[in-house]
Amino acid sequence: MLFNSTEFFIFFPVVVTLYFLTPFNRRWIILLLASYYFYMSWKPAYAIILVVSTLIDYVCGRKMGGYSDEEKSKRRPWLYLSLCSNLGILLLFKYYNFFNESARGLATALDMGYAMPAFNMLLPMGISFYTFQTMSYSIDVYNGRIKPEPHLGIFALFVTFFPQLVAGPIERAGNLLGQLRVGHEFKYERVVAGLKRMGWGFFKKLVIADNLALMVNQVYNNPTEYEGISLVIATIFFAFQIYCDFSGYSDIAIGASQVMGFNLMENFRSPYFAKTISEFWGRWHISLSTWFRDYLYIPLGGNRVVKWRWYYNLFIVFLVSGLWHGASWTFVIWGALHGVYQVFGIVTRSGRNALVQKIGLTNYPLLYKWVQVLTVFALVCFSWIFFRANSISDAFYIVGQCFSVLTNPGQVVAMDWSHDVFMEQGVKVFGTSVIAIAIMETVHLIQRNGSVSQLIGQRPAFVRWGMYYLAIIAVLLFGQFGNQEFIYFQF
């Protein structure tokens, strides 16, 4: 079920009503049934994977909990069973065809025979998200950070909690499991705050992301029909599309949880205002980046190793992150680019600082800051080309066209804009997208000094409600209501 579907607008109020009408100690049943219904409304058969994953991790957790910290080595076989099961399912459904086709291509190039068949199964929605969530549970139990959950129903709800099941945030057991046992009372202020957060998420998804998708998809699905500036604009638009699509989903998930009394972790903090690539990853998809930090980067040695190994650790983490996002070489290149950005940033840090001092840029801190922000944004946009392109050849064509704008800026003036995709989609779509992005970034700037919600809450009632009605009307008038899937559902 999609958040932006008619079914969800019926499903959610019904679930919330039943949830608050049910006694505290039975609410987990309502949420568990609702979560399975939410997931099975897409493809019922794949709920079997959820059940299998849940049972394996529950049993492994309970077994590991039977040994004290002094007997940690006895927990190890159960940890391996959990990790191998989760990674095995993920590899089979998400990566088997990718590696199989890559091997087939290599065999063909070497004029060798290759008979391994393809695995013709649809990728289960959200498999990367709930797999990582259950893996972190098993690792935390193994390391003694948390106690294993004794209640199978509560644990099953932790795995399947519908607001964040298919696209995160990837919650930690230490944060969410305890909340599932608490009897949350109905509180008007909290419910209203949650609904506002959901409304902001719908605005980002329906008004910004889905309008931008009309233009981005047309260009990126037929890149050779476009040149120079059109591909530059489409790439910048994709940067905002994927941000609004994914952060909009996170806002709806966090808001829906808040309505029922649960606090999920923040997943985005204005990432396009980051001054370094490292800071960007501290603001983008936080639940995933911290997962990789805690369960891959630090176990590899983090930065407490010799320099070359530190650089290797960083590069490997981002390479794996790219592969996590999609079983395609374009995603691998996208991840590798961010790994290169990180390593290059560390290696050149002292030289860059010296250059900035020499040219006196530090005397103008605001200008220096925006130079950093725009540089990071340009680097991130460059990497998004590989993330969004349908093939590596498409990506390199787009890269070449984008650089042609730099070498021949006169083409922007000479271009026949009347036949450009942005005009073909109409002034309404283009104008709505640009104005909505401006509104969103203005909100982000205001949020640096406080909560916009609290700021609006301090206004007189007629002003507050006038703004709420305007926001609803804007979504209804300018939103795209075509049940457009969220981009991260494919991961």
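Residues numbered from 1 in each chain as written. Predicted model: local features only at pLDDT ≥ 70, side-chain atom pairs only at ≥ 80, totals over all residues. Heavy atoms only, no water.

1. Section: the overall build of the chain
Of regular secondary structure, the chain possesses 21 helices and zero strands. A compact globule built from 491 residues would reach a C-alpha radius of gyration of about 23 Å, and the chain, at 24 Å, matches this within 12%. For the C-alpha atoms alone, the extent of the chain along its principal axes is close to 70 × 70 × 50 Å. Counting the 491 residues in the chain, one finds 51% classified as buried. By sequence separation, contacts in the chain at least 24 residues apart represent 74% of the contacts at least 6 residues apart. Just so you have it, the chain exposes about 23,300 Å², and 66% of that area is on carbon and sulfur atoms. Of the charged side chains in the chain, 37 are positive and 26 negative; the average position of the first set lies 11 Å away from that of the second. (Helix = DSSP H or I, 4+ residues; strand = E, 2+ residues; numbered from the N terminus. Rg over C-alpha atoms; globule rule 2.2 N^0.38 Å. Buried < 20%, exposed > 50% of the residue type's maximum accessible area, 1.4 Å probe, protein only. Contact = heavy atoms within 4.5 Å. Areas by Shrake-Rupley, 256 points an atom, 1.4 Å probe, with all protein chains shown as cover. Lys, Arg positive; Asp, Glu negative; His and termini not counted. Charge placed at Lys NZ, Arg CZ, Asp CG, Glu CD.)

2. Re the pattern of salt bridges
Under the definition given, this model contains 14 salt bridges. A salt bridge links Arg104 to Glu101, with the nearest nitrogen and oxygen atoms 3.4 Å apart. Of this pair, Arg104 and Glu101 both sit in helix α4 (residues 72-109), three residues apart, which is roughly one turn of that helix. What you see here is one network of salt bridges that share partners, running through Arg197, Lys204, Asp251 and Glu266. (Salt bridge = Lys/Arg side-chain N within 4 Å of Asp/Glu carboxyl O.)

3. Overview of a nonpolar patch on the surface
Together, Phe186, Tyr188, Trp465, Tyr469, Ile472, Ile473, Leu476, Leu477, Phe478 and Phe481 make up a nonpolar patch on the protein surface, roughly 1,100 Å² of accessible area in all. No other element matches helix α21 (residues 461-478), which puts seven residues into the nonpolar patch. Considering the arrangement of structural elements, one finds Phe478 in helix α21. On the basis of relative accessible area, Phe478 is assigned to the partly exposed category, the value being 34%. (Patch = residues over 30% accessible without salt bridge, like charges linked within 9 Å, V, L, I, M, F, W, Y side chains within 5 Å.)

4. Overview of the packing of aromatic side chains
Going through the model one piece at a time under the given rule, you end up with 65 aromatic pairs. With a centroid separation of 5.9 Å and 40° between ring planes, the pair formed by Phe11 and Phe38 is classed as tilted. Taken together, the residues span a long stretch of sequence, with Phe11 in helix α1 (residues 6-21) and Phe38 in helix α2 (residues 27-40) at a distance of 27 residues. The exposure class of Phe38 is buried, given its relative accessible area of 1%. Their ring planes at 55° and their centres at 5.2 Å tell us that Trp284 and Trp384 sit as a pair that is tilted. (Phe/Tyr/Trp six-rings, centres within 6.5 Å; stacked < 30°, edge-to-face > 60°.)

5. As for unusual backbone geometry
At Asp111, a residue that is not glycine, the phi angle is positive and equals roughly 60°. Relative to the helices and strands, Asp111 is located in the loop between α4 and α5 (127-142). Notably, Ser270 is not glycine yet its phi reads approximately 45°, a positive angle. A residue is classified by how much of its surface remains accessible, and Ser270, at 14% relative accessible area, is buried.

6. Some details on the packing of α5 against helix α6 (residues 152-160)
Between two packed helices, the angle of one axis relative to the other and the distance separating the axes together describe the packing. For the pair α5 and α6, the least separation of the axes is 9 Å and the interaxial angle reads 135°. Between α5 and α6, the angle is such that the two are oblique. Residues Tyr130, Gln133, Thr134 and Tyr137 of α5 pack against Phe155, Phe158 and Val159 of α6. Residue classes in the contact of α5 with α6 are distributed as five nonpolar, two polar and no charged. (Axes fitted to C-alpha atoms, helices over the stretch in contact; angles between N-to-C directions. Parallel < 35°, antiparallel > 145°, perpendicular 65-115°, else oblique. Nonpolar A, V, L, I, M, F, W, Y, C, P; charged D, E, K, R; others polar.)

7. What to know about the nonpolar core
The biggest cluster of nonpolar side chains holds 133 residues, and the ones touching the most others in it are Phe8, Phe162, Tyr272 and Trp384. Element by element, the count of residues in this core is highest for helix α9 (residues 228-260), at 19 residues. In contact with Phe8, other than residues within four places in its own chain, are Met1, Leu2, Phe3, Pro13, Phe38, Phe162, Met198 and Phe202. (Core = buried A, V, L, I, M, F, W, Y, C linked by side-chain atoms within 4.5 Å.)

8. Quick notes on helix α13 (residues 329-347)
The first and last C-alpha atoms of α13 sit 26 Å apart over 19 residues, in line with the 27 Å expected at 1.5 Å per residue. Counting buried positions along α13 gives 14 out of 19 residues, so the element sits mostly inside the fold. (Expected span 1.5 Å × (residues − 1).)

9. Side note on the domain arrangement of the chain
One frequent convention defines the size of an interface as the accessible area lost when the parts assemble. Domain boundaries assigned for the chain yield domain 1 (6-183) and domain 2 (190-489). Computed from C-alpha coordinates alone, the two centres of domain 1 and domain 2 are separated by 27 Å. Facing 37 residues of domain 1, the contacting portion of domain 2 comprises 35 residues. Taken over both partners, the interface formed by domain 1 and domain 2 buries close to 3,200 Å², and the fraction arising from carbon and sulfur atoms is 69%. Summed over the shared surface of domain 1 and domain 2, the number is one salt bridge. Between Asp294 and Arg172 there is a salt bridge; the shortest N-O distance is 3.0 Å. On inspection of domain 1 and its partner domain 2, the count reaches 13 residue pairs in polar contact (both at pLDDT 80 or more). For the side of domain 1 that touches domain 2, the secondary-structure elements that each account for two or more residues are α1, α4, α5 and α7 (173-179). Take the side of domain 1 that touches domain 2: its biggest share by element is seven residues, from α5. (Domains from an automatic or database assignment. Buried area = accessible area lost by both parts, 1.4 Å probe. Polar contact = N/O pair within 3.5 Å; in protein donor to acceptor, adjacent residues only side chain to side chain.)

10. Observations regarding the environment of Gly201
Structurally, Gly201 can be placed in helix α8 (residues 188-220). Among the residues examined, Gly201 registers a relative accessible area of 0% and is labelled buried. In this structure the C-alpha to C-alpha distance between Gly201 and Ser250, which are 49 residues apart in sequence, comes to 7.4 Å. Not counting residues up to four positions away in its chain, the partners in contact with Gly201 are Gly248, Asp251 and Ile252.

11. A closer look at the environment of Asp394
Here Asp394 lies in helix α16 (residues 392-407). Using a relative accessible area of 18% as the deciding quantity, one classes Asp394 as buried. Residues Asp394 and Asn222, spaced 172 residues apart in sequence, show a C-alpha to C-alpha distance of 8.8 Å. The contacts of Asp394, once residues within four sequence positions are left out, are Tyr220, Pro223 and Ala389.

12. Description of the packing of α1 against α2
Taken N-terminus to C-terminus, the directions of α1 and α2 make an angle of 165°; their axes are 9 Å apart at the nearest point. Regarding the angle of α1 to α2, the classification is roughly antiparallel. In terms of crossing hand, the pair formed by α1 and α2 is right-handed. In contact with Phe8, Phe11, Val15, Leu18, Tyr19 and Phe20 of α1, α2 contributes Arg27, Ile30, Leu31, Ala34, Tyr37 and Phe38. For the contact of α1 with α2, a count of residues per class yields eleven nonpolar, no polar and one charged. (Left-handed = near helix turned anticlockwise from the far one by under 90°.)

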